[in-house]
Amino acid sequence: MPEFRTEPLIVPTVSGLLPEGERDRRAALTSFHADAARVQVPMRDVVCYECGQPCQVPSAALSANCIHCHAHLNMADVEIRPGSRRLTVRTLGNVHVPAGTVLSNLSVVCRDMAVDGRVSGSFRCTGTLSLNTSMVLDGSVSAGKLVVDKGAEVELSVGAAAEEAELYGRLKGRLQCKGTLHVYRGGAYEGVCKAADVVVDPGGHFDDQSRF
């Protein structure tokens, strides 16, 4: 068996030292600066969709954990496309249902949601829920702002709760609105309504069948 001999490490610099430029570069990479420790990561306020408690998460993060219940929080935007098998969505981001999508039994919790397709299910949005097409919603609906766009005809089988509502199209069903229900020209509401204030523009229709 041949004898094993190690080869000496030869550094082509005087006295085996790194060149001055390389030495300074490595020192800069490994040194600690007090100013860097004070850099603040941009944060945003969110509400956990599991426990309902407010918390802060990094603005650029796609996921995080609730500091109260430790639930995993998804913050990515989601598009529910035609033929999708994903019927349950939990996110602090936005959800879009494009035109041509026909799905039932959806369960969505999100920030803003724009519905251009025909879907049914339960929707809980902390921001704005925009309904841009005609449909029957057979689940519970809650939103910071409920918007029925022009040309849309929406029927609520269970009902909806919102901080405020804007009707450019037609809405039928039970509605609870903590703030103002605004029926614009060409819009219409028919059903049992409980709202702090109702504004009906000329050309709008409001038929309150309330029994409160």
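Scroll up a little and you will see the structure.
First, a word on scope: everything that follows refers to the structure included in this document. (Residues numbered from 1 in each chain as written. Predicted model: local features only at pLDDT ≥ 70, side-chain atom pairs only at ≥ 80, totals over all residues. Heavy atoms only, no water.)

A closer look at the overall build of the chain
Helix and strand content of the chain: two helices and 19 strands. Within the chain, counting contacts between residues at least 6 apart in sequence, those at least 24 apart form 5% of the total. Counting only carbon and sulfur atoms, one obtains 52% of the accessible surface of the chain, whose full area is about 13100 Å². (Helix = DSSP H or I, 4+ residues; strand = E, 2+ residues; numbered from the N terminus. Contact = heavy atoms within 4.5 Å. Areas by Shrake-Rupley, 256 points an atom, 1.4 Å probe, with all protein chains shown as cover.)

A few points about the environment of Arg 118
Examined against the element boundaries, Arg 118 turns out to sit in strand E10 (residues 118-131). The class of Arg 118 is exposed, set by a relative accessible area of 53%. Considering only alpha carbons, one finds Arg 118 and Pro 98, 20 residues apart in sequence, at a separation of 9.0 Å. Beyond its immediate chain neighbours, meaning those up to four positions away, Arg 118 contacts Thr 101, Val 102, Leu 103, Thr 133 and Ser 134. (Buried < 20%, exposed > 50% of the residue type's maximum accessible area, 1.4 Å probe, protein only.)

A look at the sheet that holds strand E19 (residues 205-208)
Within the open sheet, the five strands sit side by side as E11-E13-E15-E17-E19. Their pairing is parallel. Both outer strands of the open sheet, strand E11 (135-137) and E19, are each paired with one neighbouring strand and no more. Ignoring which end each strand starts from, the neighbouring axes of this sheet average 15° apart. Pairing of strand E17 (residues 188-191) with E19, which is carried by four bridges, proceeds in the parallel orientation. The residue of E19 that forms the bridge with Gly 191 is Asp 208. (Pairing = 2+ DSSP bridges. Axes fitted to C-alpha atoms, helices over the stretch in contact; angles between N-to-C directions.)

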